[in-house]
Amino acid sequence: MAVFKLQSLKPRPISELSMKVGSIRCYVSSCRAVLLPRFGGPEVLELRPDVPVPDLKPNEVLVRARAVSVNPLDTRMRSGYGRSIFEPLLPLILGRDVSGKVADVGASVKSLTVGQEVFGALHPTAVRGTYADYAILSEDELSPKPASVTHVEASAIPFAALTAWRALKSTARITEGQRLLVIGGGGAVGFSAIQIAVAAGCHVTATCGNQTINRLMAAGAEQAVDYTSEDIESIIKGNFDAVLDTIGVPETERIGINLLNRGGHYMTLQGEAAALSDRYGLPTGLPVATAVLLKKRIRYKYSHGIEYSWIYMRADSEGLHEIRRLTEAGKLNVPVEKTFPITQVREAHEAKDKKLILGKVVLELD
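If you check an unreviewed UniProt entry, the chain appears there as Enoyl reductase (ER) domain-containing protein from Hibiscus trionum.

Undergrad: Even after reading the chapter, I still don't get the environment of serine 170, so can you show me in this structure?
TA: In this structure, serine 170 sits in helix H5 (residues 158–171). We classify serine 170 as partly exposed; its relative accessible area is 30%. Residues serine 170 and aspartate 316, 146 residues apart in the sequence, show an inter-C-alpha distance of 9.7 Å.

Undergrad: I'm lost on H5 in this one. Help?
TA: Within an α-helix, residues lying three or four positions from one another point in the same direction, as the helix has 3.6 residues per turn. End to end, H5 covers 18 Å across 14 residues, agreeing with the expected 20 Å (1.5 Å per residue, within 8%). At tryptophan 165, H5 shows its strongest bend, of approximately 30°. Burial analysis of H5 places 10 of its 14 residues in the buried class, which makes it a mostly covered element. Taken together, the buried positions of H5 are occupied by Pro158, Phe159, Ala160, Ala161, Leu162, Thr163, Ala164, Trp165, Ala167 and Leu168.

Undergrad: Teacher, can you tell me more about the pairing of strand E12 (residues 203–208) here?
TA: Remember that side chains alternate between the two faces of the sheet whenever the strand is regular. For E12, the buried fraction is high: five of the six residues fall into the buried class. Bridging between strand E11 (residues 179–183) and E12 involves five bridges; their strand directions are parallel. In the sheet register, arginine 179 faces E12, and the bridge partner there is histidine 203. Assessed by its sense of winding, the connection that carries the chain from E11 through helix H6 (residues 188–199) to E12 is right-handed. Pairing between E12 and strand E13 (residues 223–226): four bridges, direction parallel.

Undergrad: When you look at the packing of H5 against H6 in this model, what are you seeing that I'm missing?
TA: The description of two helices packed together rests on the angle between their axes and the distance between the axes. Two numbers describe how H5 lies on H6: the axes approach to 8 Å, and their chain directions differ by 55°. In terms of orientation, H5 and H6 fall into the oblique class. Of the two possible hands of crossing, H5 and H6 adopt the one that is right-handed. For the pair H5 and H6, the contacting residues are Ala160, Ala161, Thr163, Ala164, Trp165, Leu168 and Lys169 in the first and Ala188, Val189, Ser192, Ala193, Ile196 and Ala197 in the second. Per-class residue counts for the contact of H5 with H6 are 10 nonpolar, two polar and one charged.

Undergrad: I'm lost on the packing of aromatic side chains in this one. Help?
TA: Geometry of an aromatic ring pair is reported as the spacing of the ring centres plus the angle between the planes. Counted according to the given criterion, the structure contains two aromatic pairs. In textbook terms, an aromatic cluster arises when at least three aromatic residues are bridged by ring pairs, as seen for Tyr266, Tyr300 and Tyr308. When the ring centre of phenylalanine 240 is taken as origin, the NZ or CZ atom of arginine 179, which lies over that ring, is 4.1 Å away.

Undergrad: What exactly am I supposed to notice about the pairing of strand E17 (residues 336–341) here?
TA: Pairing of E17 with strand E18 (residues 360–364) involves five bridges; the strand directions are parallel. Directly across from threonine 339, in E18, lies its bridge partner valine 362. For the crossover from E17 across helix H13 (residues 345–353) to E18, the handedness is right-handed.

Undergrad: Hey, could you run me through the pattern of salt bridges in this one?
TA: Any two side chains of opposite charge can pair if their charged atoms end up close together. In the structure shown here, the tally under the stated rule is 14 salt bridges. Here arginine 32 ties to aspartate 366 by a salt bridge, and the two come within 3.2 Å at their closest N and O atoms. Of this pair, arginine 32 sits in strand E3 (residues 30–36) while aspartate 366 is found in the segment after E18, placing the two residues 334 residues apart along the sequence. Owing to a relative accessible area of 61%, aspartate 366 belongs among the exposed residues under this scheme. Between glutamate 46 and arginine 48 there is a salt bridge, with its nearest N and O atoms 2.5 Å apart.

Quick notes on the rules
- Residue numbers run consecutively from 1 along every chain, following the written order of its sequence.
- Only residues with pLDDT of at least 70 get local features here, since the model is predicted, and only at 80 or more are side-chain atom pairs given and counted; chain-wide, interface and lining totals rely on the full set of residues.
- To obtain the side-chain values, all non-hydrogen atoms of the structure were included, while hydrogens and water were left out.
- To qualify as a helix, a DSSP run of H or I must reach at least 4 residues; to qualify as a strand, a run of E must reach at least 2; elements of each kind are numbered from the N terminus.
- Only protein chains enter the area calculation, which uses a 1.4 Å probe; residues under 20% of their type maximum are buried, those over 50% are exposed, and those in between are partly exposed.
- A helix is expected to reach a length of 1.5 Å times the quantity of its residues less one.
- We define the bend at each residue as the angle formed by axes fitted to the 7 residues ending at it and the 7 residues starting at it.
- Between any two strands, pairing holds if DSSP finds at least two bridges.
- Orienting the strands away from the viewer, one traces the path from the first strand over the helix to the second; a clockwise path indicates a right-handed crossover.
- Interaxial angles span 0 to 180 degrees and are taken between N-to-C directions of axes, which are lines fitted to C-alpha atoms, for helices over the stretch in contact.
- Throughout this description, any angle smaller than 35 degrees is read as roughly parallel, any larger than 145 degrees as roughly antiparallel, any in the 65 to 115 degree range as roughly perpendicular, and the remainder as oblique.
- Put simply, a crossing is left-handed when the front helix is turned counterclockwise from the back one by less than a right angle, and right-handed when it is turned clockwise.
- Any two residues whose heavy atoms approach within 4.5 Å are treated as being in contact.
- Residues are grouped as follows: Ala, Val, Leu, Ile, Met, Phe, Trp, Tyr, Cys and Pro are nonpolar; Asp, Glu, Lys and Arg are charged; all remaining types, including Gly, are polar.
- A pair of Phe, Tyr and Trp rings is counted when the ring centres sit within 6.5 Å of each other, with Trp represented by its six-membered ring. The angle between the planes then sorts it: under 30 degrees is stacked, over 60 is edge-to-face, the rest tilted.
- To sit over a ring, a charge needs its Lys NZ or Arg CZ within 6 Å of the ring centre and within 35 degrees of the ring normal.
- Each salt bridge in this description consists of a side-chain nitrogen of Lys or Arg and a carboxyl oxygen of Asp or Glu lying within 4 Å of one another.

This is the structure in structure tokens:
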């Protein structure tokens, strides 16, 4: 059970202390949260009852979390990915996605109100994540929750869909009639990309494991190729205007780039900035990463006439509202395979580490 320490209330206008959308504005100074005190396996995660809740900045929103999803970034960070960035900041709270209800808002927040159901996602480098009874996000990282889905279903969507949105809409700028190849379409980002592209009127081909072929075809992919048993290069015909590679190994990079039209976009989720910073330290690693990316961009521009990008999720208020619209229209979803109570966060991480659960995992908060 959560332990909350109520802050003393300072005199405030009656309007702020009155009922708002069926709820009273909430003031808390601490709450239950999952801390990462050091890097390691699932056993390092600690559920503590009294983790401080910072005061809100003017553009921030306090969300009473009801569900938070477990992303690959969470398990990688727990294991030490991004160590050069995050180690000096330990202990930190993992988690990017959240669905819940607005408990309080900063002074400049205009689009959201106390009591409103919302969903959203923090940026990848956030230190105070969403594995907590109360999460803090900026106004542009949140949107009203789609009424057609539960908190569990909503929490699985934002981080993955916004990553796909950044690739397709902000980077490649896909348009109706174009051809898209998604390498690794069975994961949350790949599956989101397929649905976003189909909704935009694109022709989509994807690679995936055998167990997700039917799901991808039902989502609108025109071709789904089982990479575990088929030769991708011999089966996939024609070239593409954009390739989103969620796998990002040298072989998939080679295949993706060779299947692009001139002027097309190759986008990988496996950028090397964090890995190189971990290897060499931030002062050296970031310039090295910049040089590696620039070298690849120049090489592929001259050898294939294509654009090369590393893709990272970023807050996009317009994109999140469009994702909400697609979800409400039944055109976008991220299937949840299993839920765990937040008290079993270690078990949830262990299941993902051991690949006992291939689909999306969500943590529920009572």
